[in-house]
Amino acid sequence: MDLMLILQIIVLLGAIFLGVRLGGIGIGYAGGAGVLILGLFLGMKPGNIPWDVILIIASVISAISAMQLAGGLDYLVRIAERILRANPKYINYLAPVVTYVLTIFAGTGHTAFSMIPVIVEVSKEQHIRPCVPLSIAVVASQIAITASPVSAAVIYMSGVLEGFGWSYPALLGIWIVTTFVGCMLTAFIMTLISNMDLDSDPVYMERLAKGLVNQTAAKTTETPLKPYAKLSVLIFLIGVIAVVLYASAISPAVGLIENVVVGRDAAIMSLMLLVGMFTTILCKIEIGRIADTSVFKSGMVAIVCVLGVAWLGDTFVSGHANEIKEFAATTVAAYPALLAVIFFFAAMLLYSQAATAKAITPAVVAALGITAANPGDSYMLVATFAAVSALFVLPTYPTLLGAVQMDYTGTTRIGKWVFNHSFFIPGVLAIVLSVALGFLACMFI
């Protein structure tokens, strides 16, 4: 390893570390700074900016923001809350189901924010340590990104794999089944191995003694829904169905539409913008207030983060493409599961499922010699895709931090050694199980 490579790695990791310390949009800022240093001082050509990923995120977020302004997200959260409160004893299973479904539907894991207070309250009412269902629910909201038909990660990866003979419906089916079952198995295992008794948690008992926690959770009355809340959800649902149907129709393996004029990326962007337009007109929302919604703000942060950190990652990966190809050709080909490890650690640093897939997949495809004529090893990408969801490793992801801050019982916490936090074990379990199920599913297709 020469000095130049060492310096490049230091800049890469240093920029990511600085971004993580800054938090939020700072990850994108630090990524841009890293690209500048690598280019001006260390002789690396700036990589490709992931415009397709950025534009897909922007279009989906714009549609969800319109739905939120119309009251649609409040309606979905109300349904989810009723499900949790109607079956409180099964909170460990229902919490991840709810966050998983919300992410599948919306294409962003940030929808989990709205469910965190509900999970805490329902758990406390049942004297269950909230950290158990919260940790599984947050992890499920991240992994579901790799199964959502409107997520940038799924759109990108399915676009790559369709060239190797995989149909869009088949891919979506594999990823939904394997990740959902993986999350449910994780919930089962965590229920068995975790201390569920809230009254035995020393931090909770200390807070209770100091009067920082109420003995009983206060019941809140439901606020009235906005007039067009249900309609906005229906419009968005129709848009999601349209995306799935069109993407399936143009899939080469399905072949319903052979002369494709509008590609998948353009289709999802235009459909989501159309959803936003119909929501604005039919639900009579004030279009000037869309940019003030929490979803729009978090989406803009996500765009800048992807811009900076994915650009930084692509710059480094492109500059060392030959070494990466050689490693992948010799190691991953012999041990396919190692691709999941590569995805895992890349996601831990790049902080985005779409950015990770975009940075690593082309190098792996080239290294393994995967082509339309020789698609044999493409199953590795299908099976290990869930591993790009390792955003929970460093305890700085927004939904993770939100869970820690909103769990007023104190059971959800970050340890002194950074990695020993409440989300690490369920996160690793869910990814390992999802990847294992992915390989199993590929064996039968």
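Residues numbered from 1 in each chain as written. Predicted model: local features only at pLDDT ≥ 70, side-chain atom pairs only at ≥ 80, totals over all residues. Heavy atoms only, no water.

Trainee: Can you lay out helix α15 (residues 338-350) for me, pointing to particular residues and giving the numbers?
Mentor: With 13 residues, α15 should cover 18 Å at 1.5 Å per step; its first-to-last C-alpha distance of 18 Å lies within 8% of that length. Taken as a whole, α15 has its buried residues at Leu339, Ala340, Phe343, Phe344, Ala346, Ala347, Met348 and Leu350. Packing partners of the buried residues in α15 comprise α8 (152-162), α13 (294-319), α14 (321-332), α16 (353-367), α17 (379-384) and α19 (424-443). Note on α15: the residue one or two positions beyond its end, tyrosine 351, has a positive phi of about 65°. (Helix = DSSP H or I, 4+ residues; strand = E, 2+ residues; numbered from the N terminus. Expected span 1.5 Å × (residues − 1). Buried < 20%, exposed > 50% of the residue type's maximum accessible area, 1.4 Å probe, protein only. Contact = heavy atoms within 4.5 Å.)

Trainee: How would you explain the environment of glycine 182 if you had to name every residue and give the values?
Mentor: Along the chain, the position of glycine 182 falls in helix α9 (residues 168-193). When the C-alpha atoms of glycine 182 and alanine 386 are compared, they prove to be 9.9 Å apart, with 204 residues separating the residues in sequence. Non-local contacts of glycine 182, meaning those with residues more than four positions away in its chain, are made with Ala430, Leu433, Ser434 and Leu437.

Trainee: Just give me the short version of empty space enclosed by the protein, but keep the residues and values in it.
Mentor: Enumeration according to the criterion identifies 1 cavity of 30 Å³ or more in this entry. In this structure, the largest cavity encloses a volume near 30 Å³. Together, Val243, Tyr246, Ala247, Arg264, Ala267, Ile268 and Leu271 line the largest cavity. For the lining of the largest cavity, the secondary structure elements donating two or more residues are α11 (229-250) and α12 (264-282). Broken down by element, the lining of the largest cavity gets its largest block of residues, 4 residues, from α12. (1 Å grid on protein atoms, 1.4 Å probe; cavity = no way out; pocket = protein on both sides within 12 Å on 5 of 7 lines; lining within 4 Å. Points joined across faces, edges and corners; volume = space filled by probe spheres on them.)

Trainee: Quick one: what's the story with the environment of methionine 115, residue by residue and with numbers?
Mentor: Inspection of the secondary structure puts methionine 115 in the loop between α5 (91-106) and α6 (116-125). Judged by relative accessible area, methionine 115 falls into the buried class, the value being 0%. Distance in space between the C-alpha atoms of methionine 115 and glutamate 258 is 43 Å, their sequence separation being 143 residues.

Trainee: Which residues make up the packing of α15 against α16, and what values go with them?
Mentor: With their axes 9 Å apart at the nearest point, α15 and α16 run at an angle of 140° to one another. Considering their axes alone, α15 and α16 lie oblique with respect to each other. Of the two elements, α15 crosses α16, and the hand of that crossing is right-handed. Between α15 and α16, the contacting residues are Leu339, Ile342, Phe343, Ala346, Ala347 and Leu350 on the first element and Ala355, Thr356, Ala359, Ile360, Thr361 and Val364 on the second. Its residues placed into classes, the contact of α15 with α16 shows 10 nonpolar, 2 polar and no charged. (Axes fitted to C-alpha atoms, helices over the stretch in contact; angles between N-to-C directions. Parallel < 35°, antiparallel > 145°, perpendicular 65-115°, else oblique. Left-handed = near helix turned anticlockwise from the far one by under 90°. Nonpolar A, V, L, I, M, F, W, Y, C, P; charged D, E, K, R; others polar.)

Trainee: So what's going on with unusual backbone geometry? Which residues, and what values?
Mentor: With a phi angle near 60°, histidine 127 is a residue other than glycine that sits in the positive phi range. Examined against the element boundaries, histidine 127 turns out to sit in the loop between α6 and α7 (131-143). The phi torsion at lysine 284 lies on the positive side, around 55°, for a residue other than glycine. Residue placement: lysine 284 occurs in the loop between α12 and α13.

Trainee: Tell me about the packing of helix α2 (residues 26-41) against α13, residues and numbers included.
Mentor: Put simply, α2 and α13 touch, their axes get as near as 7 Å, and they point 30° apart. In this view, α2 runs roughly parallel relative to α13, as classed from their interaxial angle. When you trace α2 past α13, the crossing you get is left-handed. Side by side, α2 and α13 meet where Ile27, Gly28, Tyr29, Gly31, Gly32, Gly34, Val35 and Leu38 of the first sit next to Val304, Cys305, Gly308, Val309, Trp311, Leu312 and Thr315 of the second. A per-class count over the contact of α2 with α13 returns 9 nonpolar, 6 polar and no charged.

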